Amino acid sequence: MFVVLGATGHIGGAVARALLKAQKPITVITRNAQKADLWRQNGAQAVVLDLLDTLALSALFQQAERAFVLNPPAAPDQNTDYIERQSVQAILAALKGASLQKVVVQSTYGAQQGEHCADLGVLFELEEGVRQLGIPASFIRAAYYMSNWCTAFEQARATGQLLTFLPAEERFPMVAPEDVGLYAAQHLLAPITDTGTFSIEGPSLYTPADVARVMGQLAGRDISVSTIPQSEWLAVYRQNGFSEQAAQSYATMTDIFVHKRYPLPVAPQKGSTSLACYLQAALAG
């Protein structure tokens, strides 16, 4: 039996669908009873539980052969560093003692040690914690999710400006979440000797200007890029409902990403979905 955390999201959902297509018995874990019912209708087992319920999560891992682990993001109006580390520790505690053949861990480009750099520090701690458990593991580090742009579309369509922290003409690695999920599923199905850290990005590098051009085609109007100066990052995060702690943490993560303060992978896996294809499908209608 395969256990999938985060199956109600883009990445975990793609993992679960790929496993079902491969006719593997899976159990998805969710906090939402309605979404659990949908997975049952699709042929999966589903368990409704809170990840902080370590005993219940441990019982599921002890029944499983393999597991896909994704640490859920905390709401940005809360203390994200603290809450996300709580769930990391709960996942690690539940994995300890499980006789899993293999675990696949979802991570990110730029994962690095640091208490207040949002996902970069939290997911680094998840990676390190799993390594210390000694379970055969694949760590999937994904580039900037193309889905991150979707929330900006309505404002861009209304104003003709795409607001971003990124320089308009600078090229960045981006990836469709579904491609990440499919890649993670491949590693979950692969032999237990297939372990290590793996990176995935889209077929090309893209600029915010590329995003604006696609959005402009979908909106039927010209859309230009407006880059937010770094001196205003904290204020913008706060204005968008981030707690003071989360704003500081995300601003640090943004600085690391924008200025590429981490080694880029030498030969990453290339997903098949282009930025244009992804945005056209995600923003249609």
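Look up a bit, the structure's there.
Each chain has its residues counted from 1, following the order in which its sequence is written. Residue-level local features of this predicted model are given only where pLDDT is at least 70; pairs of side-chain atoms are given and counted only at 80 or more, and the full residue set underlies all totals for whole chains, interfaces and linings. Side-chain measures were taken over the full set of non-hydrogen atoms in the model, leaving aside hydrogen atoms and water.

**Regarding the sheet that holds strand S3 (residues 45-48)**
Consider a sheet: its strands pair through backbone hydrogen bonds, and that pairing is either parallel or antiparallel. With parallel pairing, the 8 strands of this open sheet are ordered in space as S3-S2-S1-S4-S5-S6-S10-S13. Across the chains shown, the open sheet's two edge strands, defined by having one partner strand only, are S3 and strand S13 (269-270). Between any two strands, pairing holds if DSSP finds at least two bridges. Put simply, DSSP marks the helices as runs of H or I at least four residues long and the strands as runs of E at least two long, and each gets a number from the N terminus on. Pairing analysis gives 3 bridges linking strand S1 (residues 2-5) to strand S4 (residues 66-69), with the strands arranged parallel. Counterpart to Val 3 in the pairing with S4 is Ala 67. Strands S4, strand S5 (102-108), strand S6 (137-142) and strand S10 (196-201) of the sheet are contacted by helix H5 (residues 119-133), whose axis makes an angle of about 160 degrees with S5. Any pair of residues with heavy atoms lying within 4.5 Å of one another is described as a contacting pair. Axis definition: a line fitted to C-alpha atoms, limited for helices to the stretch in contact. Angles are taken between N-to-C directions and run from 0 to 180 degrees.

**A closer look at the environment of Thr 227**
Within the secondary structure layout, Thr 227 lies in strand S12 (residues 224-227). The spatial distance from the C-alpha of Thr 227 to the C-alpha of Val 104 is 36 Å, given a sequence separation of 123 residues. Distance and chemistry together define a polar contact, namely a pair of N or O atoms within 3.5 Å, with one atom able to donate a hydrogen and the other to accept it when in protein, and with adjacent residues in sequence counting only for side-chain atoms on both sides. A distance of 3.0 Å separates the side chain of Thr 227 from the backbone oxygen of Leu 166, its partner in a polar contact.

**Considerations on the packing of aromatic side chains**
Ring pairs shown here join Phe, Tyr and Trp side chains whose ring centres sit within 6.5 Å, with only the six-membered ring taken for Trp; geometry is labelled stacked below 30 degrees between planes, edge-to-face above 60, and tilted in between. Going through the model one piece at a time under the given rule, you end up with 8 aromatic pairs. For the ring pair Phe 172 and Phe 257, a centre distance of 5.1 Å and an interplane angle of 25 degrees mean the geometry is stacked. You can see Phe 172 sitting in strand S9 (residues 172-175) and its partner Phe 257 sitting in helix H10 (residues 244-258), a full 85 residues away along the chain. The cut-offs for exposure are 20% and 50% of the maximum accessible area for each residue type, with area from a 1.4 Å probe on protein chains only; residues under the lower value are buried, those over the upper are exposed, and the others partly exposed. Using a relative accessible area of 1% as the deciding quantity, one classes Phe 172 as buried. Taken together, the aromatic side chains of Phe 165, Trp 233, Tyr 237, Phe 242 and Tyr 250 make up a single cluster linked through ring pairs. Geometrically, a charge over a ring is one whose NZ (Lys) or CZ (Arg) sits within 6 Å of the ring centre while staying within 35 degrees of the ring normal. Just above the ring of Phe 139 sits the side chain of Arg 131; from NZ or CZ to the centre is 4.2 Å.

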